[in-house]
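# Structure at a glance
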Amino acid sequence: MNLAGCAALVTGASSGIGAATAEALARSGARLLLTGTDPARLAQVCQRTGGTALLADLTDEAGLAEVSHAAAEVDLLVHSAGRGWAGEFAQMPADRVAELTALNLVAPVVLSRAAVGPMRSRGRGHLVFVSSIATVGVHGEAVYAATKAGLRAFAASLRYELAADQVGVTTVFPGAVDTPFFDHRGQRYDRRFPRPVSPSQVAAALLRAVERDRAEVFLPRWLTLPARINGAAPEVFHRLASRFG
């Protein structure tokens with residue numbers, strides 16, 4: 001996809017990967033519609049990028065409907081909004097289970113449904129899903145990992161459906177990223193390895209993948225290896241993960 005002049009909608013654009021993606025798209029000449037729930041931060045991102053703000057909570061029925069209406073008009077839809085929760089699953093509050101499922105998985109499915117038909121009719125378009133290396137399974141993040149694994153399966157299925165319609169589908173799998181995400185999940189990231197990458201690195205890889213119509217991209221790239229081991233030999237992978245995780 002040629003990003004110059006394309007109409008792009010980025011969810012979760014108030015901060016982190018979403019904000020960095022908006023800035024990278026602006027430098028590429030895209031016209032931006034940016035959604036988020038933090039009015040002050042979203043306004044700052046719009047000021048930096050020339051984007052239009054759409055303040056909306058994607059876990060709310062009215063907010064999701066408003067953004068769905070907008071999604072029908074864009075050439076590029078980037079699903080970046082997401083939240084996490086860390087801790088033992090039995091201790092996870094029921095409302096947080098519903099929140100993560102609604103934002104991380106249901107909202108991208110609903111918004112994609114609104115966008116796909118018009119993209120097909122126009123004969124162009126691209127969907128991007130920001131998933132996570134957590135799709136391999138992560139101790140203490142069962143629901144988050146499940147939602148991100150669901151995104152991967154959904155994107156792969158759409159890729160088959162849309163292959164003949166000039167509509168691309170890309171899934172991005174970052175490892176730890178230096179964003180406010182860890183501040184809000186209830187547990188800070190305190191591992192020495194792997195070191196967190198910057199949101200701008202993720203955004204740059206995301207844009208390259210869209211321009212080259214790549215199906216999946218891992219960041220940092222070496223994370224492709226554990227993902228392949230998990231796919232080819234899951235028992236071996238999970239023994240190693242239990243030992244070193």
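Description of the structure in this document. (Residues numbered from 1 in each chain as written. Predicted model: local features only at pLDDT ≥ 70, side-chain atom pairs only at ≥ 80, totals over all residues. Heavy atoms only, no water.)

### Concerning the sheet that holds strand β4 (residues 76–79)
Backbone-to-backbone hydrogen bonds join strands into a sheet, with any given pair of strands oriented parallel or antiparallel. Going by this rule: A pair of strands is labelled paired if DSSP reports no fewer than 2 bridges between them. Counting from the N terminus, the helices are DSSP H or I runs at least four residues long and the strands are E runs at least two residues long. Axis lines are fitted through C-alpha atoms, for helices just across the contact stretch, and the angle between N-to-C directions can take any value from 0 to 180 degrees. Whether two residues touch is decided by their heavy atoms; if any such pair falls within 4.5 Å, the residues are in contact.
Spatial ordering of the open sheet is given by β3-β2-β1-β4-β5-β6-β7, a layout of seven strands whose pairing is parallel. Both outer strands of the open sheet, β3 (52–55) and β7 (216–219), are each paired with one neighbouring strand and no more. Averaged over neighbouring strand pairs, the angle between their axes works out to 15° when direction is ignored. Contacts between helix α2 (residues 39–49) and the sheet are confined to β2 (31–36) and β3, with β2 contributing the most and set at about 170° to the helix.

### Let's talk about the packing of aromatic side chains
Note the cut-off: Aromatic rings from Phe, Tyr and Trp, with only the six-membered ring used for Trp, were paired whenever their centres fell within 6.5 Å, and each pair was classed as stacked if the ring planes differed by under 30 degrees, edge-to-face if by over 60, and tilted otherwise. Relative accessible area decides the class of each residue, using a 1.4 Å probe on protein chains only: under 20% of the type maximum gives buried, over 50% gives exposed, and in between gives partly exposed.
Counted according to the given criterion, the structure contains two aromatic pairs. An angle of 90° between the planes, with centres 5.7 Å apart, marks the rings of phenylalanine 129 and phenylalanine 154 as edge-to-face. Here phenylalanine 129 is found in strand β5 (residues 125–130), whereas its partner phenylalanine 154 is found in helix α5 (residues 142–162), with 25 residues between them in sequence. By relative accessible area, phenylalanine 154 is classed as partly exposed at 21%. Geometrically, the ring pair formed by phenylalanine 173 and phenylalanine 218 is stacked, given 4.7 Å between the ring centres and 15° between the ring planes. Residue phenylalanine 173 is located in strand β6 (residues 167–174), and its partner phenylalanine 218 is located in strand β7; the two are separated by 45 residues in the primary sequence. Phenylalanine 173 sits in the buried class, given a relative accessible area of 0%. Taking the relative accessible area as the measure of exposure, phenylalanine 218 reaches 8% and is therefore buried.

### Quick notes on helix α1 (residues 16–27)
Along an α-helix, a turn takes 3.6 residues, which lines up residues three or four apart on a common side. Quick note on the threshold: Every helix has an expected span of 1.5 Å times one less than the residues it contains.
An ideal rise of 1.5 Å per residue puts 16 Å on 12 residues; α1 measures up with 17 Å between its terminal C-alpha atoms. Most of α1 is tucked away: nine of the 12 residues are buried. Every buried residue of α1 is listed here: Gly16, Ile17, Gly18, Ala19, Ala20, Thr21, Ala22, Ala24 and Leu25. Glycine 29 occupies a position one or two residues after α1 and carries a positive phi of about 90°.

### A few points about the side chain of serine 131
Counted only if it meets this: Polar contacts, as counted here, are pairs of nitrogen or oxygen atoms within 3.5 Å of one another; within protein the pair requires one atom able to donate a hydrogen and one able to accept it, and residues that are adjacent in sequence qualify only if both atoms are side-chain atoms.
By the secondary structure assignment, serine 131 is in the loop between β5 and α5. On the accessibility criterion, serine 131 (3% relative accessible area) is buried. Here the side chain of serine 131 touches lysine 148 through a polar contact of 2.9 Å, landing on its backbone oxygen. When near neighbours in sequence (up to four residues on either side) are disregarded, serine 131 contacts Lys148, Leu151, Thr171, Val172, Phe173 and Pro174.

### Points about unusual backbone geometry
Working note: non-glycine residues mostly have negative phi, and peptide bonds are mostly trans. Of note in the backbone geometry, glutamine 166 takes a positive phi value of approximately 60° without being a glycine. The topology assignment puts glutamine 166 in the loop between α5 and β6. Given a relative accessible area of 58%, glutamine 166 falls into the exposed group. One non-glycine residue, aspartate 213, lies in the positive phi region at around 55°.

### Some remarks on the pattern of salt bridges
Basically, it comes down to this: Each salt bridge in this description consists of a side-chain nitrogen of Lys or Arg and a carboxyl oxygen of Asp or Glu lying within 4 Å of one another.
With the rule as written, the count across this model stands at seven salt bridges. Between aspartate 75 and arginine 122 there is a salt bridge, with its nearest N and O atoms 3.9 Å apart. Of this pair, aspartate 75 sits in the loop between α3 (61–71) and β4 while arginine 122 sits in helix α4 (residues 94–122); the two residues are 47 residues apart in sequence, bridging distant segments of the chain. Given the relative accessible area of 29%, arginine 122 is considered partly exposed. One salt bridge in this structure joins arginine 124 and aspartate 75, with 3.2 Å as the shortest N-O distance. Here arginine 124 is found in the loop between α4 and β5, whereas its partner aspartate 75 is found in the loop between α3 and β4, with 49 residues between them in sequence. For arginine 124, a relative accessible area of 42% puts it in the partly exposed group. For aspartate 75, a relative accessible area of 8% puts it in the buried group.

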